[in-house]
Amino acid sequence: MKIIAINGSPRKNWNTATLLQEALEGAASQGAETTLVHLYDLSFKGCHSCFACKTKGGKSYGTCAVKDDVSLILKKIREVDGLILGSPIYFGTVSGEMKSFMERLLFSVLAYTDPPVSLFPRKIQTGFVYTMNATEEQLNTYRIERHVALNESYLKRIFGASESLLCFDTYQFDDYSKVVADRFDPEKKARRREEVFPKDCEKAFQMGVRFASKIS
Ligand SMILES: Cc1cc2nc3c(=O)[nH]c(=O)nc-3n(C[C@H](O)[C@H](O)[C@H](O)COP(=O)(O)O)c2cc1C
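Residues numbered from 1 in each chain as written. Predicted model: local features only at pLDDT ≥ 70, side-chain atom pairs only at ≥ 80, totals over all residues. Heavy atoms only, no water.

Attention now moves to the overall build of the chain. In terms of helices and strands, the chain carries six helices and eight strands. Order of helices (α) and strands (β) in the chain, N terminus to C terminus: β-α-β-α-β-β-α-β-β-β-α-β-α-α. For a compact globule of 216 residues, the expected C-alpha radius of gyration is about 17 Å, and the chain comes in at 18 Å, within 12% of that figure. By principal-axis analysis of the C-alpha atoms, the chain measures approximately 60 × 35 × 30 Å. Out of the 216 residues in the chain, the part that is buried amounts to 44%. Contacts in the chain between residues far apart in sequence, at least 24 positions, make up 78% of those at least 6 positions apart. Accessible area of the chain: about 11400 Å², with a carbon and sulfur share of 50%. Of the charged side chains in the chain, 30 are positive and 26 negative, and the gap between their average positions amounts to 9 Å. (Helix = DSSP H or I, 4+ residues; strand = E, 2+ residues; numbered from the N terminus. Rg over C-alpha atoms; globule rule 2.2 N^0.38 Å. Buried < 20%, exposed > 50% of the residue type's maximum accessible area, 1.4 Å probe, protein only. Contact = heavy atoms within 4.5 Å. Areas by Shrake-Rupley, 256 points an atom, 1.4 Å probe, with all protein chains shown as cover. Lys, Arg positive; Asp, Glu negative; His and termini not counted. Charge placed at Lys NZ, Arg CZ, Asp CG, Glu CD.)

See the structure below:
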């Protein structure tokens with residue numbers, strides 16, 4: 001039983017990465033073999049629009065033909081039982097690196113048939129963990145929900161199942177007194193980090209437990 005998590009934040013020990021680590025620990029607690037990949041360690045680009053993955057009878061039909069650091073990750077994903085993506089919200093959607101990664105992950109395995117079908121070889125569990133400054137109440141104002149729903153529907157369509165975990169109002173800076181960020185109340189942020197973030201971590205852990213339990 002293998003579960004892989006993909007961190008779309010440049011920060012390796014902050015909110016997104018911590019939640020992904022929790023999810024993997026949850027999966028490992030049920031006996032899963034886990035891997036965490038930091039996208040910002042990799043050198044890659046988004047979809048090149050070469051259409052090798054769509055070429056009739058082509059040797060790359062249904063797989064991404066681009067060769068770079070993401071090739072190996074996409075190959076690994078074909079062997080896992082669970083995939084958990086994680087990204088901070090940047091300007092209302094996922095980070096640029098995560099967006100580029102998703103183009104590579106999804107486009108090659110979504111056939112342009114009518115209706116579209118998935119060319120991914122198996123059904124696997126998938127999840128998406130999002131972290132953001134926005135509060136739950138601001139979710140609609142910034143239209144973040146639309147991106148979350150769209151990603152969930154693509155993941156479901158291609159891999160068979162998906163769930164989303166949204167972590168709001170995260171702690172963003174080491175020291176709020178050193179940055180211009182008057183719109184945030186550092187004390188409120190610190191309180192939330194102490195009181196709410198551990199609950200988000202527990203939800204992530206349980207996602208990992210759930211994935212591993214469904215697989216085994
Ligand atoms: C470039 C950039 C853009 C951001 N845009 C948004 C945004 O549109 N909405 C939001 O709620 N938070 C936004 N944030 C805040 C991050 O989503 C939030 O701090 C997140 O938890 C960071 O994740 P990390 O700690 O894993 O790096 C932005 C942060 C950065 C650096």
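On to the packing of helix α5 (residues 186–195) against helix α6 (residues 197–215). Closest axis-to-axis distance for the α5/α6 pair is 4 Å, and the angle between their directions is 35°. Each of Arg192, Arg193, Glu194 and Glu195 in α5 lies in contact with α6, whose residues at this interface are Phe197, Pro198 and Lys199. Of the residues belonging to the contact of α5 with α6, the class tally is two nonpolar, no polar and five charged. (Axes fitted to C-alpha atoms, helices over the stretch in contact; angles between N-to-C directions. Nonpolar A, V, L, I, M, F, W, Y, C, P; charged D, E, K, R; others polar.)

Turning our attention to the site of the ligand. Neighbouring the ligand are 16 residues, the closest being Ser9, Thr16, Ile89, Thr131 and Thr170. In this structure, an oxygen atom belonging to the ligand sits 2.8 Å away from a side-chain N or O atom of threonine 131. The contact in question runs from an oxygen atom of the ligand to an N or O atom on the backbone of alanine 134, over 2.8 Å. Looking at the shell around the ligand, the elements with two or more residues in it are α1 (15–28) and β3 (82–90). Of the residues that constitute the shell around the ligand, the class distribution is seven nonpolar, eight polar and one charged. (Near = heavy atom within 4 Å. Polar contact = N/O pair within 3.5 Å; in protein donor to acceptor, adjacent residues only side chain to side chain.)

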